[in-house]
Number of protein chains: 2
Amino acid sequence: MKKFLLLALFVTSSITFSQSEDEKQIKAIYDMALTNGKAYDWLNYLSNQIGGRLSGSVQAQQAVEYTRNQLDSLGLDRVWLQPVMVPKWVRGTPEFAYIETKPGLTTNVPICALGGSVATPDVGIKANVIEVKGIEDLEKLGKEKIEGKIVFYNRPMDPTQISTFSAYSGCVDQRYSGAAEAGKFGAAGVIVRSMNLRLDNLPHTGSMSYGDTPVNNRIPAAAISTKGAELLSTTLALNPEIKFYFKQNCKQLEDVQSYNVVGEIRGSTYPNEIMVVGGHLDSWDLGDGSHDDGAGCVQSMDVLRLLWETGYKPQRTLRVVLFMNEENGLRGGNKYAEMARQRNEKHVFALESDAGGFTPRGFSFDCSEENFEQVLSWKKLFEPYLIHMFVKGGGGADIGPLKDDNIVLAGLRPDSQRYFDHHHAENDTFEHVNKRELELGAATMASLVYLMDKYGPVPTPKIKG
Amino acid sequence: MKKFLLLALFVTSSITFSQSEDEKQIKAIYDMALTNGKAYDWLNYLSNQIGGRLSGSVQAQQAVEYTRNQLDSLGLDRVWLQPVMVPKWVRGTPEFAYIETKPGLTTNVPICALGGSVATPDVGIKANVIEVKGIEDLEKLGKEKIEGKIVFYNRPMDPTQISTFSAYSGCVDQRYSGAAEAGKFGAAGVIVRSMNLRLDNLPHTGSMSYGDTPVNNRIPAAAISTKGAELLSTTLALNPEIKFYFKQNCKQLEDVQSYNVVGEIRGSTYPNEIMVVGGHLDSWDLGDGSHDDGAGCVQSMDVLRLLWETGYKPQRTLRVVLFMNEENGLRGGNKYAEMARQRNEKHVFALESDAGGFTPRGFSFDCSEENFEQVLSWKKLFEPYLIHMFVKGGGGADIGPLKDDNIVLAGLRPDSQRYFDHHHAENDTFEHVNKRELELGAATMASLVYLMDKYGPVPTPKIKG
C-alpha cells in the first residue's frame, strides 16, 4: 500500500501538483472544445444550409439572422445587430472563356469575374493577349503594345515562401489593381492568374478596384485557373497572335443595408475595457465560404461559450463580432471602429481568425513591445497543444481599424499550406474543414483571450506626446 | 547613392551576412523541394498506377520494381533488392454485415476484416452481441456472458489527446489482441470500432494477432465504421437481445518472396558509418496507401536526391530503405537489421517517415541524452520552416530493430489531426495528400540528415559495461 502510494506520488507529482491554475483552465478549454465544441455544427449550418454569403446577398442576411439567433441562445448579456451599408456586386450568369489558336479552333478555359469588375459587352471581348509578370511590366511595354489587347497577368505565387500568405502578398496586386493599371494603357480587359499554388481547374475570385478610373474607362477583369494560365502562357509562347475570348455579365448595384452581428459578456471587474474576438460573416459566392471565413466566425462564437462553460467569467467585457463585408469593402470593420470611437469605448484587445480553419500554429501580434513580451511569457502554456508560433505581424483586416497605441491586435495563424487551394474558389466548402482542426483553433483563441483577460494587457507608458 | 547603400546594408545585414552555411544549405534544400521536388510525382505513380500494396500482392511487387527503377535512374552509387519472405493475407470478396433488431428487420453496416483474421463460416456468423469498452472488461463479464456471442469492442479514441497517435495507442489493443482474448472466453467473433476520431461510414482495417491461439480456436475479427459502431451501441442499449451478422472470406496463404528496396550514396569520408532514411512500401489494401506509407517512401527517396541536387555530398554512407511488410509482420525491418548485424555494418542514424504526408511539425528521437542535446542545438535552423517539435519518443517501427546504444533513431512528426481519418481505410488516397505538405516533409527530413551527417552523431561514452 505504502509502495503504491509512493509510486503514485512520484508519477503524478510533476503532473497534478505543479499544474497551475492557468494550465488547468487551458486544459479545460481544449477538452471542452474537442469533446463538446459547437463550432463545427454552426459551420455545417452556415455552409450547407445557407452557403456563400456575398455582401448584400440573401444568404448574407440569412447568416446575420442565424448567427444572431445562435448567440441569443447562448444566454450572453447582450446580442445586437450593428447596421452598416454594404456594396452589392452580383456575378450574374456563369462566365465563359476560350483560347482561339486560329479561327474556329478554340479551347475553353475556366474563368470567373473578379469581385467588383464590370461586365464585358454582351457579345464578350475577343482580343490578342499580352502576357506580363506584373504591373511593373506595363510601363516597359507601353501603350503601343497594350492598347486593344487583353493583359494577362501571370506572375505565380512563389512556392519557396513557407507562409503561403507571403506568397499571396507577392501577387495579389495583379488582381487588385491590374485592371485599373492596364486600363491606363488602353487594354481591352485583364485576365489574372488565380492566386493558388496548386495547378488545378478552379478560378479564384477576389476583390479588385478601379481606383479613380472614370466609369466609362473601366475594363473587365477575370481570374483564370492556374492550369488555364499555364495553357494560355504556353499557347502564347508558340504563337503570340492567338486570341482570347471572355464574357461576363456581373454588375455593381446600389449599396444595401446589412449588419455586423455582436454578442457580449459584460466584464465583472472592468466592464469598460472591451476585448473583441471575431471573423467575417460575408464570403465570396463561388464556394460556401467555410474556410474564408465561416471558420473564423464559428470559432469566435465558440470562444465565448468555451470560457463560459468552463466556468471562467471574464473581468473585461468580451465581445464576439461577426463583421460584414470584409471581402469587398471592409465596411463592417470600419463601421465597428467608427462606432467604438463615437461611443468612446476603450478597446484593449482584439483577436481575429481569418486564415482558415486548419490546425492552429500560433498567433501574430500587432502591439507594443511590452505587450509582445507578455505574450511570449505565455508560450509555455501553449506548448502541450503544439502552438509554437508567436510572431509580430498583422492582426486581421476587420480589427485593423481599431488600431491605436493602446490596443493589442492579434490574428490566429493556422497552418497555411492548403489555404490557397480553396481561397475564394468553388472548393472552399465544408468538407474541406476538419472538425478537430477547427475546434483546436477555437480552443487556442479562447486560451489567449483567457490569459489576456486574466493578466490584462500591459498599459502603454504615457511618456510620449 | 550612399544613402541607398547604407539602407541596403541595414536591411540585408541581418539576412545575408549572418546567414551561415547551414542556413544556406537548408534553404537550398527547401527551395529545391518546393520548386523541383519529385516526391509528389512518385507518389502519384505509386498510388494511382499501382494502388494498395499489401505484402505478397502483385501491387507490392510492382512497387518494388517501380521504386528500384526510379532509384536506379537517380544515379546513386548502388541500388539493390534485399530478399525477405513475407506473409500473404488476402481479403477475398467484400465483407458484409448487418444488425438484426428482430427477425427480418435488418440494417446493413460497413465492416471490413482485420488483417490476419480468419474467415467466418461460408454462411457467416449470426449471434447476440456483448459490448465492451476494452479487453479488461472480458474478465469481469466471464465466460457465461461471452460464450457464443460476438464481442463488440467499442472504446473510442480519446478526442482530448492532442496527438492523435496517443489516442490511437490508447485503443489499438482492442484491434490487435481483441480476438485472441475474446476467444479465450468462447466468443464467436469480434467486431472492433474503427480507429478513427471522426464519425463516418468507413471501416478501418489493421493488423491483429491470434498470439498462441491454436488454429482451430481462432475466431473472426472485423472492424466496423465509427457510425456503424454508434448505431450498434445505441441499438444494443435499446435491446440487448439484437443480433449481429457478418460474413468474410479472407485467408492467410503461404509466405511469399518479397524485397526491401535499398539505394545508397557512399560516404566520402566515413563510408563505414551508415545513415538510413526510409518508409514502408507495403500498405493496406482498402485505399492506395498514399499517406500510409507511400508518402514516407517518396519523401525518403527524395531526401537523397535533394541533398545531391543541392550539391551536398554526404561524408557518411546514406541509404534509402523502402521496407516491406511493416503493416502485418515487420519482416522487412527485422530482415534489414538482421543483415546489418550479420555484415557488421555500423548504423549511426536512422530516420523514418511513417505518420502521413501532412505538414511536418518536427521529429521524435530515440537516442542518448548527448545526441538529443545536439539535436536541440539545431532547433533554430528549423524555425523559418515552422518546424518546432523536437521531442523524445519512438523513431519508427521499421527502424526499431536497428536500435542499440550507439544509434540515433528519429521519426518525422507531421501534423496528426487528419491522419486517422484516412488510416487503413479506403480513403487513404492520393487526393488527400497535399503536394506542398509532402514536399515540406521531404525537405525537413533532408535537412536533419544533412546536419546529422555534417556534425556526426555524438559518440556514446564507453564507460559502461
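In this text, all values refer to a predicted model and were calculated from it rather than measured experimentally.

Draft legend 1. Molecular detail of the interface of chain A and chain B. Each partner contributes to the interface: chain A provides 29 residues, whereas chain B provides 29 residues. Summed over both sides, the interface of chain A with chain B buries roughly 2,600 Å², with 53% coming from carbon and sulfur. By the criterion of area lost to chain B, the three top residues of chain A are Ile162, Arg418 and Arg436 of chain A, representing 27% of everything that side buries. At the boundary of chain A with chain B, the tally comes to two salt bridges. Scanning the region where chain A abuts chain B turns up 16 residue pairs in polar contact (both at pLDDT 80 or more).

Draft legend 2. Up close: the packing of helix α2 (residues 21–36) of chain A against helix α14 (residues 435–455) of chain A. Residue and element names in this part refer to chain A. Viewed as axis vectors pointing N to C, α2 and α14 meet at an angle of 150°, and their least axial separation amounts to 8 Å. By the angle between their directions, the pair α2 and α14 is classed as roughly antiparallel. Here α2 and α14 pass one another in a crossing that is right-handed. Listed contacts from α14 to Glu21, Asp22, Gln25, Ile26, Ile29, Tyr30, Ala33 and Leu34 of α2 are Arg436, Glu439, Leu440, Ala443, Thr444, Ala446, Ser447, Tyr450, Leu451, Lys454 and Tyr455. A breakdown of the residues in the contact of α2 with α14 according to their chemical character gives 11 nonpolar, three polar and five charged.

Draft legend 3. The arrangement of the relation of the copies chain A and chain B in detail. Rotating chain A by 180° and translating it 0.0 Å along the rotation axis places it on chain B, where the RMSD comes to 0.0 Å. Such a combination of rotation and displacement between the chain copies is what one expects of a two-fold axis. Within chain A, histidine 388 of chain A has its C-alpha nearest the rotation axis, a separation of 3.4 Å. A high fraction, 100%, of the interface residues of chain A reappear at the interface in chain B, so the copies pair face to face through one surface.

Draft legend 4. The pairing of strand β9 (residues 243–247) of chain B, seen in detail. Residue and element names in this part refer to chain B. Strand direction decides the pairing type here: strand β2 (residues 96–102) and β9, joined by five bridges, are antiparallel. Its bridge partner lying in β9, tyrosine 98 is registered against tyrosine 245. Pairing of strand β5 (residues 125–132) with β9, which is carried by four bridges, proceeds in the antiparallel orientation. Note that in β9 the partner of isoleucine 125 across the bridge is phenylalanine 246.

Draft legend 5. Spotlight on the packing of helix α3 (residues 39–50) of chain A against helix α4 (residues 58–73) of chain A. Residue and element names in this part refer to chain A. Closest axis-to-axis distance for the α3/α4 pair is 10 Å, and the angle between their directions is 155°. Comparing their axes, α4 and α3 come out roughly antiparallel. Remark: the crossing between α3 and α4 carries right-handed chirality. For the pair α3 and α4, the contacting residues are Asp41, Trp42, Tyr45, Leu46 and Ile50 in the first and Gln59, Gln62, Ala63, Tyr66, Thr67 and Gln70 in the second. Taken together, the residues of the contact of α3 with α4 sort by class into six nonpolar, four polar and one charged.

Draft legend 6. Examining helix α8 (residues 226–238) of chain A more closely. Relative to the 18 Å expected for 13 residues at 1.5 Å per residue, α8 of chain A spans 18 Å between its end C-alpha atoms, a close match to the ideal helical length. Where the residues of α8 of chain A are buried, they touch β2 (96–102), β5 (125–132), β6 (150–153), β7 (189–193), β8 (221–224) and β9 (243–247) of chain A.

Draft legend 7. Structural context of the sheet that holds strand β11 (residues 270–280) of chain A. Residues and elements named next belong to chain A. Pairing is mixed across the open sheet formed by eight strands, whose spatial order is β1-β10-β12-β11-β13-β16-β14-β15. Only two strands of the sheet have a single neighbouring strand rather than two, namely β1 (78–90) and β15 (389–392). Averaged over all neighbouring strand pairs, the angle between strand axes comes to 20°, with direction disregarded. The pairing of β11 with strand β13 (residues 346–352) spans six bridges and is parallel. Note that in β13 the partner of valine 277 across the bridge is leucine 351. Each of β14 (360–366), β15 and β16 (408–414) touches helix α11 (residues 369–376); the most contacted strand, β15, lies at about 175° to it. Running over the sheet, α14 touches β11, β12 (316–323), β13, β14 and β16 and is turned about 40° from β14.

Draft legend 8. Layout of the environment of lysine 403 of chain B. All names here are of chain B. Tracing the backbone shows lysine 403 in the loop between β15 (389–392) and β16 (408–414). Put simply, lysine 403 and valine 348 are 55 residues apart on the chain and 9.8 Å apart in space, counted from C-alpha to C-alpha. For lysine 403, the contacting residues outside a window of four places in its chain are Arg341, Asp366 and Leu409.

Draft legend 9. Spatial organisation of the side chain of serine 55 of chain A. Secondary-structure assignment places serine 55 of chain A in the loop between α3 and α4. In this structure serine 55 of chain A touches Ala60, Val86, Pro87, Lys88, Asp282, Met324, Asn325 and Asn328 of chain A, once residues within four positions along its chain are discounted.

Draft legend 10. Fine view of the packing of aromatic side chains. Using the criterion set out here, one finds 42 aromatic pairs over all chains in the structure. Where tyrosine 312 of chain A meets tyrosine 450 of chain A, the ring centres are 4.9 Å apart and the plane angle is 85°; that geometry is what we call edge-to-face. Taken together, the positions of tyrosine 312 of chain A in the loop between α9 (290–309) and β12 and tyrosine 450 of chain A in helix α14 put the pair 138 residues apart, joining distant regions of the chain. Under the relative-accessibility criterion, tyrosine 312 of chain A is labelled buried at 12%. For the ring pair tyrosine 98 of chain B and tyrosine 245 of chain B, a centre distance of 4.8 Å and an interplane angle of 20° mean the geometry is stacked. Separated by 147 residues along the polypeptide, tyrosine 98 of chain B in strand β2 and tyrosine 245 of chain B in strand β9 bring together distant segments of the chain. In this structure tyrosine 245 of chain B comes out as buried when scored by relative accessible area, which is 11%. Geometry around tryptophan 308 of chain A places lysine 313 of chain A over its ring, the cationic atom sitting 4.8 Å from the centre.

Draft legend 11. Main features of the UniProt feature "domain: Peptidase M28" (unreviewed entry) in chain A. UniProt annotation of "domain: Peptidase M28" (unreviewed entry) refers to residues 260–447 of chain A when read in the numbering used here. The straight-line gap between the two end C-alpha atoms of residues 260–447 of chain A is 24 Å; of that span, 32% is helix and 27% is strand.

Draft legend 12. Region of interest: the nonpolar core. Ranked by size, the top nonpolar core spans 71 residues in total, and within it Phe349 and Phe365 of chain A carry the most contacts. The residues contacting phenylalanine 349 of chain A, other than those within four sequence positions of it, are Ile274, Met275, Val276, Ile407, Val408, Ala410, Leu448, Val449 and Met452 of chain A. Counting 69 residues, the second largest nonpolar core, distinct from the first, contains Ile50, Val79, Val303 and Phe372 of chain B.

Draft legend 13. View of the pattern of salt bridges. Tallied over the full model, the rule gives 56 salt bridges over all chains. A salt bridge links glutamate 264 of chain A to arginine 319 of chain A; its shortest N-O distance comes to 2.8 Å. In this pair, glutamate 264 of chain A sits in strand β10 (residues 251–265) while arginine 319 of chain A sits in strand β12, placing the two residues 55 residues apart along the sequence. You can call glutamate 264 of chain A buried: its relative accessible area is 5%. Note that arginine 155 of chain B is salt-bridged to aspartate 173 of chain B, the shortest N-O span being 2.9 Å. With arginine 155 of chain B in the loop between β6 (150–153) and α6 (164–169) and aspartate 173 of chain B in helix α7 (residues 172–183), the pair connects residues that are 18 residues apart, well separated along the chain.

Cut-off values and rules
Residues numbered from 1 in each chain as written. Chains lettered and ligands numbered in written order. Predicted model: local features only at pLDDT ≥ 70, side-chain atom pairs only at ≥ 80, totals over all residues. Heavy atoms only, no water. Contact = heavy atoms within 4.5 Å. Buried area = accessible area lost by both parts, 1.4 Å probe. Salt bridge = Lys/Arg side-chain N within 4 Å of Asp/Glu carboxyl O. Polar contact = N/O pair within 3.5 Å; in protein donor to acceptor, adjacent residues only side chain to side chain. Axes fitted to C-alpha atoms, helices over the stretch in contact; angles between N-to-C directions. Helix = DSSP H or I, 4+ residues; strand = E, 2+ residues; numbered from the N terminus. Parallel < 35°, antiparallel > 145°, perpendicular 65-115°, else oblique. Left-handed = near helix turned anticlockwise from the far one by under 90°. Nonpolar A, V, L, I, M, F, W, Y, C, P; charged D, E, K, R; others polar. Least-squares fit on C-alpha atoms with pLDDT ≥ 70 in both. Pairing = 2+ DSSP bridges. Expected span 1.5 Å × (residues − 1). Phe/Tyr/Trp six-rings, centres within 6.5 Å; stacked < 30°, edge-to-face > 60°. Buried < 20%, exposed > 50% of the residue type's maximum accessible area, 1.4 Å probe, protein only. Lys NZ or Arg CZ within 6 Å of the ring centre and 35° of its normal. UniProt positions renumbered as here; feature names shortened; annotations may be inferred. Core = buried A, V, L, I, M, F, W, Y, C linked by side-chain atoms within 4.5 Å.

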